[in-house]
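Summary of structural features
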Amino acid sequence: MRKKAILITGASGEIGQALISNLSQTGSLPLLSLDLHSLPQELMSRCTHIVGDVLDHNLLARLVTEYEFEAIYHLAALLSTRSEYSPELAHQVNVDGTMALLQVAAEQSQRRGKPVTFIFPSSIAAYGMPNLVVKARDARVKEWQWNNPTTMYGCNKLYCEQLGIYYSKHYQQLSATRPTMLDFRSLRFPGLISAYTTPSGGTTDYGPEMLHAAAQGKPYACFVREDTVLPFMAMTDAVNALLKLAAAPAGSLSHAIYNVTSFSLSAADFRDQVLRAFPDAQITFEPDVQRQGIVDSWPAELDDSAARYDWGWEPEYGLQRAFDEYLVPNIRRRYS
Ligand code: SER
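Residues numbered from 1 in each chain as written. Predicted model: local features only at pLDDT ≥ 70, side-chain atom pairs only at ≥ 80, totals over all residues. Heavy atoms only, no water.

Concerning the site of the ligand
Which entries qualify depends on this criterion: Any residue with a heavy atom lying within 4 Å of a molecule or strand is counted as near it. Polar contacts here mean pairs of N or O atoms no more than 3.5 Å apart (in protein, one a potential hydrogen donor and the other a potential acceptor; neighbouring residues in sequence count only if both atoms are side-chain atoms). Under the convention used here, a 1.4 Å probe and the Shrake-Rupley method define accessible areas, while residue burial counts only the protein chains that appear. Definitions used for this entry: grid spacing 1 Å over protein atoms alone; cavity, a set of points where a 1.4 Å probe fits but cannot get out; pocket, an open set with protein on both sides within 12 Å along at least 5 of 7 lines; lining residue, one with an atom within 4 Å of a point. To qualify as sitting in a cavity or pocket, a molecule needs more than half of its atoms within 2 Å of the grid points. Residues are grouped as follows: Ala, Val, Leu, Ile, Met, Phe, Trp, Tyr, Cys and Pro are nonpolar; Asp, Glu, Lys and Arg are charged; all remaining types, including Gly, are polar.
All residues in the neighbourhood of the ligand are listed as Leu79, Ser80, Ser123, Tyr153, Gly202, Thr203, Thr204 and Trp298. A distance of 2.6 Å separates an oxygen atom of the ligand from a polar atom in the side chain of serine 123. Within the contact set of the ligand, a nitrogen atom lies 2.9 Å away from a side-chain nitrogen or oxygen of threonine 204. Within the complex, 91% of the 230 Å² of free accessible area of the ligand lies under protein. Under a 2 Å grid-point criterion requiring more than half of the atoms, the pocket assigned to the ligand is the largest pocket. Split into classes, the residues belonging to the shell around the ligand amount to 3 nonpolar, 5 polar and no charged.

Quick look at the structure:
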């Protein structure tokens, strides 16, 4: 008899750690976590953790014989900057890894005659604006606009969204009997900022890096221009969005892919927020031309009205509450 569980891949990453903290307190099923790296000690007792690779087909085959997954949160990915340095590896992890997990979910949905819920974090990187004039003109993008990513990571995310829709709607479409298909749901996240972890390999990292450096009394040279505007969200809201989307009745969802966002601000505004909390912070701007090019192609705001309408999405933390009530107090505590 297979054990029922929720599978979280990329569990040691920023979203993974926050999701395990939340789900281990609020969820009713055991958590199975998978990552190339071990988990921080304080999370180890909250789940069964496997150190392994999403590209290891033998490992996935073994997990399928032992567990019945009610839901899969497939978080494992190489982020955008890292992916530009190793595009072929990024494609393997981000696309082949997602394909492998979709196949696990497809097979399990079929075997048990009930859809496995497959939750996939996508990204603002799925968008690609051609220049800053268009970015300023079409500031608030809808899901179907400007799907022209300029990064390997963005291409991978956009394609995997489509793969997920394929597996949930069209898989085995020529066979006489249609199998029970998986239930694919995806969020396009803005830059995420956690009070407890720092990102690595992303291009929205300047926000969290600036804040965590200031809290540690370290100088920080921001790698984008002061006037760069991007949307951001507190990590706690990101996890709530994933859980809320996973729990939404299937009939209420008019899309498989939803934008979610909280606040947009320029890098200079971000610095000013950091200075309000840490007045001695030493923050300079030393734009990196290549990384600047990536953020310039990403929208300044996301239109998340579909998520608000269909499943009642609303961030708990807007700009001021995110800094004053979630980020600054917890970051102070972390480094004190
Ligand atoms: N935070 C991601 C990155 O910068 C975008 O989703 O790569």
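Some remarks on the sheet that holds strand β12 (residues 263-266)
Definition in use: We call two strands paired when DSSP finds no fewer than two bridges between them. What counts as a helix is a DSSP run of H or I of at least four residues, what counts as a strand is a run of E of at least two, and both are numbered from the N terminus. Only the stretch in contact is used when a helix axis is fitted, and all axes are lines through C-alpha atoms; the angle between N-to-C directions ranges over 0 to 180 degrees.
Read from one edge to the other, the open sheet built from 3 strands follows the order β8-β10-β12, with strand pairing classed as mixed. Both outer strands of the open sheet, β8 (191-193) and β12, are each paired with one neighbouring strand and no more. Between one strand axis and the next, the sheet turns through 45° on average, direction left out of account. Alignment of β8 against strand β10 (residues 229-234), held across 3 bridges, turns out to be parallel. By the bridge assignment for β10, leucine 192 is matched with methionine 233.

Examining the packing of helix α3 (residues 57-66) against helix α5 (residues 87-112)
Convention followed: When describing relative orientation, an angle under 35 degrees is termed roughly parallel and one over 145 degrees roughly antiparallel, while 65 to 115 degrees is termed roughly perpendicular and anything else oblique. Each crossing is labelled by how the near helix is turned from the far one, with a counterclockwise turn of less than a right angle marking it left-handed and a clockwise turn marking it right-handed. Whether two residues are in contact is decided by their heavy atoms: any pair within 4.5 Å suffices.
For the pair α3 and α5, the least separation of the axes is 11 Å and the interaxial angle reads 25°. Comparing their axes, α5 and α3 come out roughly parallel. By crossing handedness, the relation of α3 to α5 is classed as right-handed. Contact residues: α3 offers His57, Leu60 and Val64, while α5 offers Ala100, Leu101, Val104, Glu107, Gln108 and Arg111. Taken together, the residues of the contact of α3 with α5 sort by class into 5 nonpolar, 2 polar and 2 charged.

As for the sheet that holds strand β11 (residues 257-259)
Taken together, the 7 strands give an open sheet; going across it, the order is β3-β2-β1-β4-β5-β7-β11, and neighbouring strands pair in parallel fashion. Two strands lie at the open edges of the sheet, namely β3 (48-51) and β11, each paired on one side alone. Going across the sheet, the axis of each strand differs from the next one's by a mean of 20°, ignoring polarity. As paired strands, strand β4 (residues 67-74) and strand β5 (residues 117-123) are joined by 3 bridges and run parallel to one another.

A look at the nonpolar core
Our working rule: We call a set of buried residues a nonpolar core when its members are Ala, Val, Leu, Ile, Met, Phe, Trp, Tyr or Cys and they connect through side-chain atoms within 4.5 Å of each other. Any residue under 20% of the maximum accessible area for its type is buried, any over 50% is exposed, and the rest in between are partly exposed; the area is computed with a 1.4 Å probe on protein chains only.
Counting 78 residues, the largest nonpolar core has Ile8, Tyr73, Phe189, Tyr206, Val274 and Trp311 as the members making the most contacts within it. Here the element with the most residues in this core is helix α9 (residues 235-247); it accounts for 8 residues. Look past the residues within four positions of valine 274 in its chain and what remains in contact with it is Met210, Leu211, Ala214, Ala281, Ile283 and Phe323. One finds Ile50, Tyr67, Cys160 and Ile257 within the second-largest nonpolar core, a separate group that totals 34 residues.

This is a description of form; function is not addressed.
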